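Each chain, written out:
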Amino acid sequence: LLMRMVLTAAPVKVKETVEGVKIFRPGYTHFKTTAAKPGDPPAGQPQPVSREDEPSMAMMPGFIFVGTHKAVKDCILRAKGKGEGDSLAQNKDFQAAHKKIGGEPGLFGYVSVPGLMSYAEQMTKGGPQELGQAMQAYSKLVNPKAFKAIAFDMSLQKGTLHVRELALLDANEK
């Protein structure tokens, strides 16, 4: 339900369709005017400038995908049985997280912290300076290298909502 709300209320556009599944990305259009010199009135009609951002998002029965466009596309292909190469299920950190808190019917989420930090660093390049400064401050406050992965599990059992969270830590980091 939350994913449907995001896709209908947020400014998203269909990037492409893979195996019949639409992949959405945040998309923005603003109008830019140019002036010959500072202080001069704008010259000509405003021109539309479009921009797409990450993350990409997709839904199919039994799955919600959020991540880089490449990762979402790969997940759709894997869910359709057409993926190639190693899968997340072969990752030892994913296996450890799923074994500790997964396994119940419901929602299971997994985040590779090194992958998330790499993605966040790419997002700060060319972005607002404040975002880069916030990422640096966060990295000083909390050593992201100390976290291998974060996982959560949400399930409904006998009328009771169970929520579990897990952080897999790297013992070699402080």
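### Quick look at a nonpolar patch on the surface
Nonpolar side chains collect at one region of the surface, where Leu-107, Phe-152, Met-154, Leu-156, Leu-161 and Val-163 lie side by side and expose about 560 Å² of accessible area between them. The set of elements that each furnish at least two residues to the nonpolar patch consists of strand S7 (147-157) and strand S8 (160-169). If you tally residues by element for the nonpolar patch, the top one is S7, at three residues. Considering the arrangement of structural elements, one finds Leu-107 in strand S6 (residues 107-112).

### Things to note about the environment of Pro-11
Tracing the sequence through the fold places Pro-11 in the loop between helix H1 (2-9) and strand S1 (12-18). Given the relative accessible area of 44%, Pro-11 is considered partly exposed. Among all residues touching Pro-11, those that are not within four sequence positions of it are Arg-25, Pro-26, Gly-27 and Tyr-28.

### Points about the pattern of salt bridges
A complete count under the given rule lists four salt bridges for this structure. Between Asp-74 and Arg-78 there is a salt bridge whose closest N-O contact spans 2.9 Å. Highlighted residues: Asp-74 and Arg-78, both in helix H2 (residues 69-79), separated by four residues, approximately one helical turn. A relative accessible area of 25% places Arg-78 in the partly exposed class.

### Observations regarding the packing of helix H4 (residues 113-124) against helix H5 (residues 129-141)
Relative to each other, H4 and H5 sit at 150°, their axes nearing to 9 Å. Taken together, the axes of H4 and H5 lie roughly antiparallel to each other. Pair H4 / H5 crosses with left-handed handedness. Of the residues in H5, those touching H4 at Met-117, Ala-120, Met-123 and Thr-124 are Leu-131, Gly-132, Met-135, Tyr-138 and Ser-139. Among the residues forming the contact of H4 with H5, the class breakdown is six nonpolar, three polar and no charged.

### Quick look at the side chain of Asp-153
In this structure, Asp-153 sits in strand S7. If near-sequence neighbours (up to four positions away) are discounted, Asp-153 is found in contact with Ile-101, Gly-102, Glu-104, Leu-107, Phe-108, His-162, Val-163 and Arg-164.

### So, the sheet that holds S6
Read from one edge to the other, the open sheet built from three strands follows the order S6-S7-S8, with strand pairing classed as antiparallel. The outermost strands of the open sheet, each flanked by one partner alone, are S6 and S8. Averaged over all pairs of adjacent strands, the angle between strand axes in this sheet comes to 10°, irrespective of strand direction. Two elements, S6 and S7, share six bridges in a ladder whose sense is antiparallel. Looking at S7, one finds that Phe-108 is bridged to Asp-153.

### Some details on the confidence of the model for the protein chain
Taken residue by residue, the protein chain gives an average pLDDT of 83. The fraction at 70 or more is 88%. Summarising per-element confidence for the protein chain, the mean pLDDT is lowest in H1 (67) and highest in S8 (92).

### Observations regarding the packing of aromatic side chains
Following the criterion strictly, the structure yields three aromatic pairs and no others. Judged by centre distance (5.5 Å) and plane angle (15°), the ring pair of Phe-63 and Phe-65 falls under stacked. Measuring from centroid to centroid gives 5.8 Å for Phe-94 and Phe-108, while their planes differ by 85°, and the two rings are edge-to-face. Placement of the pair is Phe-94 in helix H3 (residues 92-101) and Phe-108 in strand S6, with a sequence separation of 14 residues. The rings of Phe-94, Phe-108 and Tyr-110 are connected pair by pair, giving a single aromatic cluster.

Calculation notes
Residues numbered from 1 in each chain as written. Predicted model: local features only at pLDDT ≥ 70, side-chain atom pairs only at ≥ 80, totals over all residues. Heavy atoms only, no water. Patch = residues over 30% accessible without salt bridge, like charges linked within 9 Å, V, L, I, M, F, W, Y side chains within 5 Å. Areas by Shrake-Rupley, 256 points an atom, 1.4 Å probe, with all protein chains shown as cover. Salt bridge = Lys/Arg side-chain N within 4 Å of Asp/Glu carboxyl O. Helix = DSSP H or I, 4+ residues; strand = E, 2+ residues; numbered from the N terminus. Buried < 20%, exposed > 50% of the residue type's maximum accessible area, 1.4 Å probe, protein only. Contact = heavy atoms within 4.5 Å. Axes fitted to C-alpha atoms, helices over the stretch in contact; angles between N-to-C directions. Parallel < 35°, antiparallel > 145°, perpendicular 65-115°, else oblique. Left-handed = near helix turned anticlockwise from the far one by under 90°. Nonpolar A, V, L, I, M, F, W, Y, C, P; charged D, E, K, R; others polar. Pairing = 2+ DSSP bridges. pLDDT = per-residue confidence, 0-100. Phe/Tyr/Trp six-rings, centres within 6.5 Å; stacked < 30°, edge-to-face > 60°.

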